[in-house]
Every structure is written in C-alpha cells, then in structure tokens.
Number of protein chains: 2
Amino acid sequence: MLTIAVDAMGGDNAPACVIEGTIQALKEGGNKFEVVLIGQAEIVEPMLAREETDGLNLRFLHAPEVVTMDDVPATAVKTKQNSSLVRGLHLCKTKEADAFVSAGNTGAQMAASLFVLGRLPGVLRPTIYAYFPRLQEEGLTNIVDVGANVDCKPENLLQFAEMLSIYQKYAAGIEQPQVGLLNIGEEEGKGSDTLKQAYNLLKEADGHGKINFIGNIEGHDILKGKATIVVCDGLVGNTILKFGESIPEFLGTLFKRALGSTVASGGMDEKTAAVTTAMFKGMFKSFDVEEVGGVPFLGVDGISIVGHGRSSSRAIKNMIFMAGHMIERKVNQHIAEVLSGQ
Amino acid sequence: MLTIAVDAMGGDNAPACVIEGTIQALKEGGNKFEVVLIGQAEIVEPMLAREETDGLNLRFLHAPEVVTMDDVPATAVKTKQNSSLVRGLHLCKTKEADAFVSAGNTGAQMAASLFVLGRLPGVLRPTIYAYFPRLQEEGLTNIVDVGANVDCKPENLLQFAEMLSIYQKYAAGIEQPQVGLLNIGEEEGKGSDTLKQAYNLLKEADGHGKINFIGNIEGHDILKGKATIVVCDGLVGNTILKFGESIPEFLGTLFKRALGSTVASGGMDEKTAAVTTAMFKGMFKSFDVEEVGGVPFLGVDGISIVGHGRSSSRAIKNMIFMAGHMIERKVNQHIAEVLSGQ
C-alpha cells in the first residue's frame, strides 16, 4: 500500500484544512493508500480527535517544530530538522513514505526537498511550474520555471521542457504537449544568446521525438493557450505568475467602481447589480487555479508536492491524489530514464 | 520654432490616422510648432489635399520607401535609406527637425534611431518603457525595459532607472518617482547575481539622490502600483507587456460566455445584458493605454517617439505633444548630464 506523508502545519488554513482534505482523500480514494499526517501533537491531535477517522488508513506523527512562511528557505532545513517539513521528506528518503505533500513555505520545501531527496539521475536542476487558465476550453497552460531557478542555462530550459512533458504525458494523460519557448518574438533567432541556444536544444529534442516543440511564443500566447508548456527562466515565470494572480483583485476593484457608478446613475437596480456581481465573480474561478491543487517539484529523487499557501481542503485532497498518480505512473522513473539518456 | 518630423506611413491606420492626428495637434497646439509629414507622395498628398490645412505649419516631404511591420529591424535602416523612418531620423540628425514621431515597426525604429542618432553621452544602452494601469487612482506604472535589451547588465538596469526617473521628472512632472527592482521576492539578496548587483547600484544611486529606490518588488506589485518605475530586463518586461495586452481579449471571451449563460438561464434580460456589457467594456479602458500615446526611446541623442501600431489619431496627436514637451523641458540634456556624471 502506498504511504503519503502530509504536512499538517503547512498553509494559511493549516492544520484544519489539511486534516479535512486528508480525510476527504482517504474516503474518496476508497482507503487505498495510507496517510501519515505530520505536525505538532498538541495542536493536531485534539483536532483529529473531533473528526471521524475510524477505519481510515490515517496515522499521526509528532513533529515539534514548524517551518513558517518567514523562515529563510536555505536555512530552514538545517535549523528545523524536527519540523513536519523535514521529517516528512526524511520519511520519503528512508522509503517509509512514497510521497510528501505540503502547502507551507514553498521556498523552504524546494530547498529541503533538494537537500534531503537529492536529484534524479541526469537532472541538472529540479524545477517548479504553475498553471494558467486559457481560452481553449480544455486544458491549462503550464509555465516552467516559476521561481526555483532564476538564472538558467540553455540546458536547464531544455530539461524543464523534458521533465514537464513527461509529467504531462504520464500523470496528466496529455500525449504530446506542445512546448513553446517564451521569447520577445516568434521568429527563430530572437532573444538572448541563452534563448537562441535553448531554441536549438529544444528543436533538437523535438527531432529526437523527446518533446513537441512549436518554437518561440510571446507573452500574449499564454492566456490564448498556444502552448501547453511554456518554458522560461524563473524570474520571468515567477513575475508572470504573480502578475496573473493579481489580476482578479485589480479587476475586482475596477468592477466595484464601475458597478457603483452604474447603479448611482440609475443604469442598474440593486437586484441586477447582485446578479452581475455573481456573474463577474464566476468569471474569475478559472483564475483561481491554485484552489485545484498543487504541483510536484520536478527532478528531485522522490515526490514532493508543493501547494499554494491558500490551499483549500479540496486542494489538499487533490494534491494527495496527485502524489498517488505520480507514484502509480512511475513519473520519476520516466524522467530519470529520459534525462540520464538510458 | 520647433520642427517635429512625423512618419506618415507608420501604424495600422496610416496614413489616415497620422494625417488626422497631425492636423489636430497643430490646431490644438495653436500652431506653435511645425510638422514635417514624411511619406509616399502618391498616397499621402491626395489625402492631405482633402483636409483643411490652410494656415497650418505643415510641410510634406516625399519618401519613396516604406518600412513595413515585416521588415527585419537591424537591416531596414540599411536597405531602406529612402523610407519615411530613416529620412525622418536623418532630419533630426542634421538638426532640420527637433524630434521624430512614428507608430510603425517598433524594432526598426529603435534600430534606426540608435544607428542614425547615436547614444547620448554616458548612456550604455538606450531603452524603451511601457505603461500600465494601476489601482492607485493617479498615475501609471512604468516598466523599463520592455524589449530593447533582452540581456541586461546591472549597469544597464541602473541606467534605465535613472533615465526614466529623469523623464518622469522633467516631462511628466513627477518629482521623485518610486523605483522598484522586479525580483522573485522583496527581501534584499533575492534573485540572480545580476539582480543582486543591480540592487546595490540602485541603492547607491538612491543614496546619492539620483533616484528614489524602494527596493525589490514582485509581479503582483505592478497593477497595485507600488512603484512608478519598475526595472527589469527586456524579456521580463516584454512578456509582462504582451501578457497584459492579452488580458482584455481573454476576459472579454470569459465575459461573453458568462453573460450568454446568465441570459440563457433567465438570470438577466437583454436590456440589462446591454448595460452590463457597456459597463464591462468601460472597465478595460484603463488597459488600452496605447491609445493615449507613445513612449520616447530613451538614451538616444535625439528625440524618437515610438507609438503602438494600433495608434489612433489621438495617440499621434499626443505623441507630437510629447515630443514638444521633451524638447522644451530639455529631457535629453538632463539625461546626458546625469549619466555622463557632469
């Protein structure tokens, strides 16, 4: 039976949301796997006691320390060895668990995952991606890297494309995800030396059937959904991700102002304003992709699923399922095979 | 009297929009400056003949060639010496004109401006910025660079901040524009080596009173308006610019779908749907900042105002006024003084 370690202390709404999501996952998943919930006993155990967990494959493991959002990623792994984060990853390292799931400090989770689990054979640098809504009804646009690697060599960009293509194929069932290289123009030969070299490497990998490279794409192609996988360095990806996350609030404010003046001028009554507001809010559901789940930290020798701090219980549940899929479909073995050229 | 050279052939709606905008500028500007409209005589002259131009300080100059959107920027300046673009810039070089305005091929205009006009003393690399709407009622967020410089050294990022601060001060009247360095986190020490070094240079420049540096900012701070000037390399800026430009279309599509299903389910009648649509469109006016005007290519030894291909006649008019302001307020002299350390 698979064992998934879950960080009870990670996330804005932890541990309540994490406990709830874990129980949902076990119930919906038909109890086919086991969850080890890790956290501070004095906080988590009383909450667990209030839940109906009889018959569920749920164990609790005490970890006296907590990595907070304020902890410096690079040092948390060393200074907080007894945290739920580091303990959970050690369970994976020692094969007591098959995967680790957390919605805590993303930087600390990436640093600790790399430190504790190490890299898969052939992987130069593990990476993290994010997904965006897109105009095409089906699927999402996946951007890689979004902050794990600020400076990237062409070889790193190539590997990001390869790893995410493998993940999309085996875990998400997308056979030949289109890969686009984010650039300042579509034409071949655009951009910096790094981008030009990355273009050549991606084209070569496409020639070998490793990826499905469609060429350079631009910022306006992300929401259009021209590519399933958008490759860029971590500064570009992180900026686009955070810019995108700020759009609902920005437009929500513009909407309130516009609605207020429309109602004030007699252009709309209060009842219609309420209908319009509900409709407007519904439009932004597709932006709140973080609610759906997390993403795996690709390239580490183990499974470490990273969730957004705002993760709901549904997101936690989906992250646990995601971990299960990655194990069952042997995503890491496929990555190691392709990247180490075996 | 100031002379402003205007590219009649540049822009999606050229020459009609350009002619219209030029005439508006001369009329509204009280005929205080002269415009030399440059383009193909067989196309522009018949259109000009249909307008009332008596008494306006308007001259026409024939240029047999046209730089199109398909022309490769780096070669257009050499292969199309008799284009309105290159002739207009040569008028500036020979001091027959004080400024050049175009809404044509941006890349070609930047390359030709650099080639014909050269750089101001002390400037390592000229730059181009773009503006974004923001939640703060007043002002815009200005992002620099947005595509002229894909690879940037720390010194380049510093100069972009200095040049745009000077421009905002002298041309836009913003005394101490806040400068933020776009990074993956707010804390000092974040990001690549280039960003870390740029941070130190910006801090030093702030210490010398040259700029008003507020530190690192992130992608979500752009629309919030945390800084008036956002400094980043051209790949990041270009991607954010194009991503931002794609938002109205993306949300327009989501809106149509949502409105369609709300009306279909009886949640809203057709009349209210029309009011809601008008309100929604109004919200996006702030996104269409390109309509307002263009931006100067900062750091070249002359004034070259770059407009969006979609520029309206109003945008052309505002670009002509912008050129006038830059000349009157001696923006380039100030840039040269500060950047050459005089």
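Residues numbered from 1 in each chain as written. Chains lettered and ligands numbered in written order. Predicted model: local features only at pLDDT ≥ 70, side-chain atom pairs only at ≥ 80, totals over all residues. Heavy atoms only, no water.

The name given to chain A in an unreviewed UniProt entry is Phosphate acyltransferase, with Chlorobium phaeovibrioides as the source organism. According to its UniProt record, chain A has this under Subcellular location (unreviewed entry): "Cytoplasm". Recorded in UniProt under Function (unreviewed entry), the annotation for chain A is "Catalyzes the reversible formation of acyl-phosphate (acyl-PO(4)) from acyl-[acyl-carrier-protein] (acyl-ACP). This enzyme utilizes acyl-ACP as fatty acyl donor, but not acyl-CoA." (UniProt positions renumbered as here; feature names shortened; annotations may be inferred.)

*Asks:* Can you break down the overall build of chain A residue by residue, with the values?
*Replies:* When helices and strands are tallied, chain A shows 12 helices and 11 strands. Relative to the 2.2 N^0.38 estimate, which gives 20 Å for 342 residues, the radius of gyration of chain A is 21 Å and therefore close to what a compact globule would have. Taken over the C-alpha atoms alone, chain A extends approximately 65 × 55 × 35 Å along its principal axes. Relative to all contacts within chain A whose residues are 6 or more apart in sequence, the contacts with residues 24 or more apart total 70%. (Helix = DSSP H or I, 4+ residues; strand = E, 2+ residues; numbered from the N terminus. Rg over C-alpha atoms; globule rule 2.2 N^0.38 Å. Contact = heavy atoms within 4.5 Å.)

*Asks:* Break down helix α12 (residues 331-339) of chain B for me, with residues and values.
*Replies:* Residues and elements named next belong to chain B. Regarding α12, the residues found buried are V331, N332, H334, I335, A336 and L339. Residues of α12 that are buried in the fold lie against α6 (154-170) and α11 (313-328). Once α12 finishes, G341 follows within two positions and takes phi at roughly 70 degrees, a positive value. (Buried < 20%, exposed > 50% of the residue type's maximum accessible area, 1.4 Å probe, protein only.)

*Asks:* Before we move on, can you summarise the relation of the copies chain B and chain A with the specific residues and values?
*Replies:* At an RMSD of 0.0 Å, chain B and chain A line up after a rotation of 180 degrees and a shift of 0.0 Å along the axis. The superposition operator between the copies reduces to a two-fold rotation axis. Residue V236 of chain B, judged by its C-alpha, is the member of chain B lying nearest the rotation axis, at 2.6 Å. Comparing interface residues between copies, 100% of those in chain B also lie at the interface in chain A; the contact surface is shared. (Least-squares fit on C-alpha atoms with pLDDT ≥ 70 in both.)

*Asks:* I'd like a rundown of the interface of chain B and chain A, residues and numbers included.
*Replies:* Listed as interface residues are 54 residues of chain B and, on the opposing side, 54 residues of chain A. Between chain B and chain A, the buried area comes to about 4600 Å², and carbon and sulfur atoms account for 77% of it. Across the contact surface, chain B and chain A share 2 salt bridges. The shortest N-O distance in the salt bridge between E218 of chain A and K242 of chain B comes to 2.4 Å. (Buried area = accessible area lost by both parts, 1.4 Å probe. Salt bridge = Lys/Arg side-chain N within 4 Å of Asp/Glu carboxyl O.)

*Asks:* Quick rundown of helix α10 (residues 270-283) of chain B? Include the residues and the values.
*Replies:* Taking 1.5 Å of rise per residue, the 14 residues of α10 of chain B would be expected to cover 20 Å, and the 20 Å separating its terminal C-alpha atoms lies within 8% of that figure. Every buried residue of α10 of chain B is listed here: T272, A273, T276, M279, F280 and M283 of chain B. Seen along its axis, α10 of chain B keeps its buried residues to an arc of 125 degrees; they face one direction. For α10 of chain B, the exposed residues lying more than 90 degrees away from the buried face are E270, K271 and K281 of chain B. In the core, the buried residues of α10 of chain B are packed alongside α9 (234-264) and α10 (270-283) of chain A together with α9 (234-264) of chain B. (Expected span 1.5 Å × (residues − 1). Arc of directions from axis to C-beta.)

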